[in-house]
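Coordinate analysis (summary)
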Amino acid sequence: MATTDIHIHQDVHHHGDGHDHDHDHEHHGGNFWTTYIFSEDHKIIGKQFLITGIFWALLGGSLSVIFRLQLGFPDMNLEWLKPILGGWITPEGKLDPEFYLALVTMHGTIMVFFVLTAGLSGTFSNFLIPLQIGARDMASGFMNMLSYWFFFASSVLMFISLFLETGPAAGGWTVYPPLSALPQAIKGSGLGMTLWLVAMALFIVSSLLGSINYISTVINMRTRGMSFTRLPLTIWAFFFTAIIGILSFPVLFAAALLLIFDRSFGTSFYLSDIYIGGEALAHDGGSPVLFQHLFWFLGHPEVYIVLLPALGISSEIIATNSRKPIFGYKAMIGSMLFIAILSFIVWAHHMFVTGMNPFLGSIFMLLTLIIAVPSAVKIFNYVTTLWKGNIVFTPGMLFSIGLVSFFLTGGITGIFLGNSAIDIQLHDTYFVVAHFHLVMGSASFFGMLAGIYHWFPKMFGRMMNERLGQIHFWITFIGVYMVFFPMHYIGIAGFPRRYYSWTNFETFSGFADLNMLVSLAAILTLAAQFIFLFNFFYSIWRGRLAPANPWNANTLEWTTPRNPGHGNWPGEIPAVYRWPYDYSKPGAKDDFIPQTIPFSETPESNLPHETELIKLESTSGDDIIIQGGKLEGNH
Amino acid sequence: MAVDIKIVEEAKRPLSMNPRKFGLWLFMATVVMLFGAWTSAYIVKRGDMGWSEIILPDLFWVNTGVILISSGTMVWAVRAARRDVAEQLKIAVGITTVLGIAFLIGQLLAFDQMVALHEHFTGGPVSHSFVYVLSGAHGLHVISGVIVLVIALVAALRGRIHRGNMDTLEMCATYWHFLGVLWLYLFVFLLLNK
Ligand code: HEM
Ligand SMILES: [Cu+2]
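As recorded in an unreviewed UniProt entry, chain B goes by the name Cytochrome c oxidase subunit 3, listed as coming from Dawidia soli. Listed under Sequence similarities (unreviewed entry) in UniProt, the entry text for chain B is "Belongs to the cytochrome c oxidase subunit 3 family."

Per an unreviewed UniProt entry, chain A goes by Cbb3-type cytochrome c oxidase subunit I and derives from Dawidia soli. A UniProt comment under Sequence similarities (unreviewed entry) is attached to chain A, and it reads "Belongs to the heme-copper respiratory oxidase family." Per its UniProt entry, chain A bears the Subcellular location (unreviewed entry) comment "Membrane".

As structure tokens, then:
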């Protein structure tokens, strides 16, 4: 009795294709520095973005609690913050009004750019793209490493600016000139603003390096069988995000450079007719509205740069944990594409009250309101995916459902704001703050948390604690609504945003209680994040060891070893035969069929056109692949 | 005897391009957006009151000629490499590099001409500042282009560019033509929107 093992790999058939990413990388030992610090491995870089992002999220969250103390408890004595804030607490124990503005500015900048752009895209695009498309690494590991280190340098500068004597930038995260251009106007427009601009320039470079890599990788490095229509929605989302980034961040760079020239070289792109102490400044002929156009041309796409990855992550998690195929896969891609295109032609809805031509306003209003259509398509698809699903409430799933909820609540107020007439009343009030914190801030933040809970086992090879995750979810979910829902009322009542205090206005005293509630809820929500932090760091070292495929998911990353090394798959990269959403397919043995299972192995569950696919390919002779077959005989 | 052979359908290899070349195209897209933003800003500003017309330095014409000729020599270089004519390749890349540097020097002299015309980067009307920003930022990109050219030149001199190894030269050529076209766009734009 003899046994012959025949192993004919696909390699043979594709000999000569010469794709370098198919070569087995050997596992270089590497020292601590090359493995963990200056690593070119996409998984390590993803984790570096994640850890830096968490650091920034904590800092940004703490800043917001400090200014919420001022808003909720205007009479409170803040003497006890002196050890941290030093001179920014006045002798009377109050927050310095200019520092209040600096806090708001830094909170916005940190959250929008450092947490929800770099922390979110940087972490998940880096970590998931190669793993989910079946690549050994990014198209350029070196550029990827540079991308992180530009981000790091940018972070360091932004962090340093917090400790300047004149304080960090204080003109709002949108840094409108002339306020941001003239140090005479506010202390933060001195060195703090200079550092802000330099940090953002570095940030843009980092983001562009990352985006170029993501796009290039998605298009060029997919494994065999991974056609565009078999890509997980996460990858589609990261892909669109990167395209939006490439087209919009250079515009912010252009705007920032002109601002730098105005501030430091004496040009007048944005400045004109400014009198200080009765004397006219030399700047003449510029236009501050020009800056707004340039800024919002980035600014609006930026909000989708923040949101799309979160939407992609939640699509994946919701399908997996509903044990159902995602409803409307192509509609999801189509709506993301449509959103991406529209996001470039609606920027002026942030500028309805800049004195723009009302006719132009109507055009931008129309375009803006059209965004509601693809957004609604997405919401319906989430809900129909959940509908009658076999839902597993993992923490990742809970946070994804939370995201859908915020996206809906916040999106609806967008429709109010998008009407140029209503916006005259609502612009620059807390209504806007409520709108974007729900739809962008909280939704994307939940997407990020969902992603961490869901892919933690792949990142660190261990499981996070589910119970703690659920507690974290419920407190945060309720907390977020308690913080932002009341702001709608405060906003409709006319409270302007970015005001240090309203105690001078009798009209506004009626909302003191509501403001207090909001502040308390903000503190509670921030506190709940420490549950997460504990869970996260504890589980990295002490968590339960993760099984190979903890969520019974279909995508490729779960076919790697528990702790994938450099190159991700020890052997050959698996090929892909189907889309990633074959959950609960009628007739199938299990309620999931990974992408690596060929149709020919699942005759019981194939749909007619899928059976057709096998036939077509096996009739053409050389397309038949013999995979790890076994010939047995007794000679 | 039992035969147990798994027969599975073919997994098609998805189409793919050279990731480096592809990355270059993406980079050029970012540059297009950068200059697109500035020229749009220029148009918006020009619609405002108090726009003061610009006078472009004559040297811009000469420099435009220089950079266009350099695109021609770049084409020659690529052809030579495809035909494996090493001598011509070296000369062509060399000339392109020299023309690139000449363009940069020409632009600096053009700035001198502008100063002589009392058009300053700062202190004057915004229109003048714009000319400096557009041509200056383009110049910075040309510097990067010249660096790429020098890299290609060294590779050519060492005989590392030939029919079988065209990537470096092709990428260099793509970028260089791009910079030429970009300048042509900026120049015509300024001529049409004084
Ligand atoms: C139905 C879709 C949406 C519509 C019609 C809409 C409309 C608007 C409008 C008109 C404004 C300007 C309000 C003002 O300043 O007076 C605004 C602000 C804002 N929106 Fe939306 N929005 C939508 C969805 C989103 C989404 C999905 C995001 C983010 C992911 C987002 C993020 C923001 C942000 C960040 C701001 C405020 C920026 C600031 O002034 O600091 N919006 N939205
Ligand atoms: Cu917007």
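Now that the structure has been shown, we can carry on.
1. Thoughts on the overall build of chain A
Secondary structure assignment for chain A yields 18 helices and 5 strands. In terms of overall size, chain A behaves like a compact globule, its C-alpha atoms giving a radius of gyration of 26 Å where 635 residues would be expected to give roughly 26 Å. By principal-axis analysis of the C-alpha atoms, chain A measures approximately 105 × 55 × 50 Å. Looking at chain A as a whole, 59% of its 635 residues are labelled buried. Taking contacts inside chain A between residues at least 6 apart in sequence as the whole, the part at least 24 apart equals 79%. Accessible surface computed for chain A: about 24300 Å², of which carbon and sulfur atoms make up 68%. Computed over 29 positive and 40 negative side-chain charges, the inter-centroid distance for chain A is 8 Å.

2. Considerations on the side chain of A:Ser154
Residue and element names in this part refer to chain A. Examined against the element boundaries, Ser-154 turns out to sit in helix H6 (residues 141–161). Looking at Ser-154, the relative accessible area reads 0%, which means it is buried. A polar contact is formed between the side chain of Ser-154 and the backbone oxygen of Ala-199, at a distance of 2.9 Å. The residues contacting Ser-154, other than those within four sequence positions of it, are Phe-114, Ala-199, Leu-202 and Phe-203.

3. Focus on the site of ligand 1
Residue and element names in this part refer to chain A. The environment of ligand 1 is made up of 21 residues, and the closest members are Trp-173, Asp-423, His-427, His-435 and Arg-497. Within the contact set of ligand 1, an oxygen atom lies 2.6 Å away from a side-chain nitrogen or oxygen of His-427. Within the contact set of ligand 1, an oxygen atom lies 2.8 Å away from a side-chain nitrogen or oxygen of Arg-497. At the level of elements, helix H9 (288–322), helix H13 (395–417) and helix H15 (430–460) are the ones that each hand at least two residues to the shell around ligand 1. Among the residues forming the shell around ligand 1, the class breakdown is 11 nonpolar, 8 polar and 2 charged.

4. Side note on the coordination of the iron atom of ligand 1
All names here are of chain A. Just one protein atom donates to the iron atom of ligand 1; it is His-435 (NE2), sitting 2.1 Å from the metal. A separation of 4.5 Å is found between the iron atom of ligand 1 and the copper ion (ligand 2). For His-435, the location among the structural elements is in helix H15.

5. Quick word on the pattern of salt bridges
Pairs can form between side chains of opposite charge once their charged atoms are near each other. Residue and element names in this part refer to chain A. For the coordinates displayed, the defined rule picks out 16 salt bridges over all chains. Of the charged contacts, one joins Arg-224 and Glu-572 as a salt bridge, the two residues approaching to 3.0 Å between their closest N and O atoms. Here Arg-224, found in the loop between helix H7 (191–220) and helix H8 (233–264), pairs with Glu-572, found in the loop between helix H17 (512–542) and helix H18 (608–619); they are 348 residues apart in sequence, far enough to count as distant. By relative accessible area, which is 28% here, Glu-572 ends up partly exposed. As a salt-bridge pair, Lys-589 and Glu-604 come within 3.6 Å of each other at their nearest N and O atoms.

6. Digging into a nonpolar patch on the surface
All names here are of chain A. A surface patch of nonpolar side chains, about 410 Å² in accessible area, is lined by Leu-408, Ile-412, Ile-415, Phe-416 and Ile-422. Among the elements that line the nonpolar patch, the one with the most residues is H13, at 4 residues. Tracing the chain through its elements places Ile-412 in helix H13.

7. Things to note about the UniProt feature "transmembrane region" (unreviewed entry) in chain B
All names here are of chain B. Cross-referencing UniProt, the feature "transmembrane region" (unreviewed entry) maps to residues 22–44, 59–79, 91–110, 130–157 and 169–192 in the present numbering. The span residues 22–44 carries 100% helix and 0% strand; its end-to-end C-alpha distance comes to 33 Å. Taken as a whole, residues 169–192 contains 100% helix and 0% strand, while its terminal C-alpha atoms sit 34 Å from one another.

8. Describing the coordination of the copper ion (ligand 2)
Working reference: metal with six octahedral donors, ideal angles 90 or 180 degrees; metal with four tetrahedral donors, ideal angle 109.5 degrees. Coordination sphere of the copper ion (ligand 2), protein contribution only: A:His300 (ND1), A:His349 (NE2) and A:His350 (NE2), at 1.8 to 2.0 Å. Every donor residue of the copper ion (ligand 2) comes from the same chain, spaced as H-x48-H-H.

Cut-offs applied
Residues numbered from 1 in each chain as written. Chains lettered and ligands numbered in written order. Predicted model: local features only at pLDDT ≥ 70, side-chain atom pairs only at ≥ 80, totals over all residues. Heavy atoms only, no water. UniProt positions renumbered as here; feature names shortened; annotations may be inferred. Helix = DSSP H or I, 4+ residues; strand = E, 2+ residues; numbered from the N terminus. Rg over C-alpha atoms; globule rule 2.2 N^0.38 Å. Buried < 20%, exposed > 50% of the residue type's maximum accessible area, 1.4 Å probe, protein only. Contact = heavy atoms within 4.5 Å. Areas by Shrake-Rupley, 256 points an atom, 1.4 Å probe, with all protein chains shown as cover. Lys, Arg positive; Asp, Glu negative; His and termini not counted. Charge placed at Lys NZ, Arg CZ, Asp CG, Glu CD. Polar contact = N/O pair within 3.5 Å; in protein donor to acceptor, adjacent residues only side chain to side chain. Near = heavy atom within 4 Å. Nonpolar A, V, L, I, M, F, W, Y, C, P; charged D, E, K, R; others polar. Donors = N, O, S within 2.8 Å, 3.2 Å for Na, K, Ca; no water. Salt bridge = Lys/Arg side-chain N within 4 Å of Asp/Glu carboxyl O. Patch = residues over 30% accessible without salt bridge, like charges linked within 9 Å, V, L, I, M, F, W, Y side chains within 5 Å.

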